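Okay, here's what each chain looks like letter by letter:
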Amino acid sequence: MADVPWHFLAHPKEGKGAQNQQQCRADWNDPYLRLIDKGASGRQLRCERCKATSDFGDNLQIRYGKTRQQPWIRDEAEAIDSLAMVLEINDARVHAPQTCNALVIPPESRIRKGSVVDRLYSSSPKLKKIEQAKTPLARKGALNLIASELRCSVPQIEDALNEIGKGYPLYGENITQGILLESEYQALCDALPDVADDEDFVTSHHTQDWKALIRTLPDGTKPGKIIKAVSQLIAVNRLKEIVVLKGFKRLGQEGTLVPPDIVGESTWLPALELYGEGVFFSLNEDLLGRWESHPALGERSNDFRRRFAATGLRFDPEVIVTPRFLLLHTLAHLLIRQLETEAGYPAASLKERIYCTAGKLPMSGILVYVAVPDVVGSLGGLAELATPERFLLLLSSVFDHAEWCSLDPVCSEHGGQGPSLLNRAACHVCALIPEPSCAYGNVLLDRTFIKGDVATGMPAFLSGFD
Ligand SMILES: [Zn+2]
Ligand SMILES: [Zn+2]
Ligand SMILES: [Zn+2]
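Overview of the structure. (Residues numbered from 1 in each chain as written. Chains lettered and ligands numbered in written order. Predicted model: local features only at pLDDT ≥ 70, side-chain atom pairs only at ≥ 80, totals over all residues.)

**Details of the overall build of the protein**
Which entries qualify depends on this criterion: A run of DSSP states H or I qualifies as a helix once it reaches four residues; a run of E qualifies as a strand once it reaches two. Both are numbered from the N-terminal end. Here the radius of gyration uses the C-alpha set of atoms, whereas the globule reference equals 2.2 Å times the residue count to the power 0.38. The exposure scheme places C-beta atoms from the backbone and then counts, for each residue, the other C-beta atoms within 10 Å of its own, assigning buried at 20 or more, exposed at 12 or fewer, and partly exposed in between. Contact definition: two residues whose C-beta atoms, as placed from backbone geometry, lie within 7 Å.
Secondary structure summary: the protein contains 15 helices and eleven strands in total. Relative to a compact globule of 466 residues, whose C-alpha radius of gyration would be 23 Å, the protein shows 29 Å and is clearly more extended. Considering only C-alpha atoms, the protein reaches an extent of 85 × 80 × 35 Å along its principal axes. Counting only residues that meet the buried cut, the protein has 29% of its 466 residues in that class. Sequence separation of at least 24 residues holds for 67% of the intrachain contacts in the protein that already meet a minimum separation of 6.

Structure (structure tokens):
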């Protein structure tokens, strides 16, 4: 990065009076250059001394060369062949952080409650203490100390060390984003025994009460179908999210990844710990399986997949464009918008996490959560909304809102809108959410996957119960 070489830009090398302008020297003490706004025809740079002019556009690219010198740096920099771009200071393309996030789940979330091996594994100071004990006597002392700290016996510590030596808890497995999501999904679905409130991952399962709600409803109604369509409802009372900064890019996605320490010598990456709460639900696998196999859905999602592949866009975790993903993603967005209007949450503070089939475990879950950099987390309002009665109201509105958009019929019949035409029936009025909330850049959204379409024979998701 460097200052914009205004003098150089104002004095073009060719054209009328170029000879004269070669004589004009940069002068840091005198404001002799003007940037003139010419309205529709763009902007112009003018030198008041030699009357040289040049056009100045938004996407101006200039030779990096030696013109990049800062006024206060006298040394000549190495000439670089690539072109430099002039950007405004607050332009988002100046610094596009590339991050990677994950939830803290058992065993790491159970430091206090967990088994000896969990607690030992999570404590690097303790492990280091044992490692640094060189003599048998020092080692014995360290083990005794740690055993009393963890309130267990020395043989238990020895066993735990053995497990860690064997590669606990991953045992040589290479964790990818897909596997990470699977483990999170599993952790969300499994009820933990004797959870303490101060653990980093606390859930309460409302699935039983959710299923019981159906008895209070008349047969064949929409709320009844929604209850059958949702297989699990879980309030996440407390969660911890880790966001790792992998580096940043300039000038959008095409740029090369610059490591956080610029030179790439650091062996660690900076990360943030965020605390919060959320609501998680998963969809009925039988219903999904039947719905998914409908050919009209496959056709429409293949269309999406082709467009997506053509853009070269990449997300972390990786996206496999299927009807299931499009359904889950659109549902998540509608739910976030609903939480904004009904529960008063600012949409930008909510985040989505989509669990969609990948690997061995069929997944179809949505986690909507808030996470803030305060160890106390938030006030519990979001987890409160996961109580069956309130959540049913929320989801009913979500399915209602999937049916229409105030820009209909334009929005519903759109062949492709948004960046690279990667959305169909989804626009700012109905399905888009603030940029920080969406993990997938507000693309791959289509309400048609929820509401169906008579013209193309796409079945509505809830029609499986008709
Ligand atoms: Zn001049
Ligand atoms: Zn719309
Ligand atoms: Zn999204």
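**Structural notes on the sheet that holds strand S3 (residues 53–56)**
What counts is decided by this rule: The pairing criterion is simple: DSSP has to find at least two bridges between the two strands. Only the stretch in contact is used when a helix axis is fitted, and all axes are lines through C-alpha atoms; the angle between N-to-C directions ranges over 0 to 180 degrees.
Strand order across the open sheet formed by three strands is S1-S2-S3, with antiparallel pairing between neighbours. For this open sheet the edge positions go to strand S1 (33–37) and S3, each flanked by a neighbour on one side alone. Direction aside, the axes of adjacent strands within the sheet are offset by 25 degrees on average. For S1 and strand S2 (residues 43–47), the ladder comprises five bridges, and the chain directions are antiparallel. Across the sheet, residue Arg34 finds its bridge partner in S2, namely Arg46.

**Comments concerning the environment of Gln208**
Tracing the sequence through the fold places Gln208 in helix H8 (residues 207–212). On the basis of neighbour count, Gln208 is assigned to the exposed category, with 9 C-beta atoms found within 10 Å.

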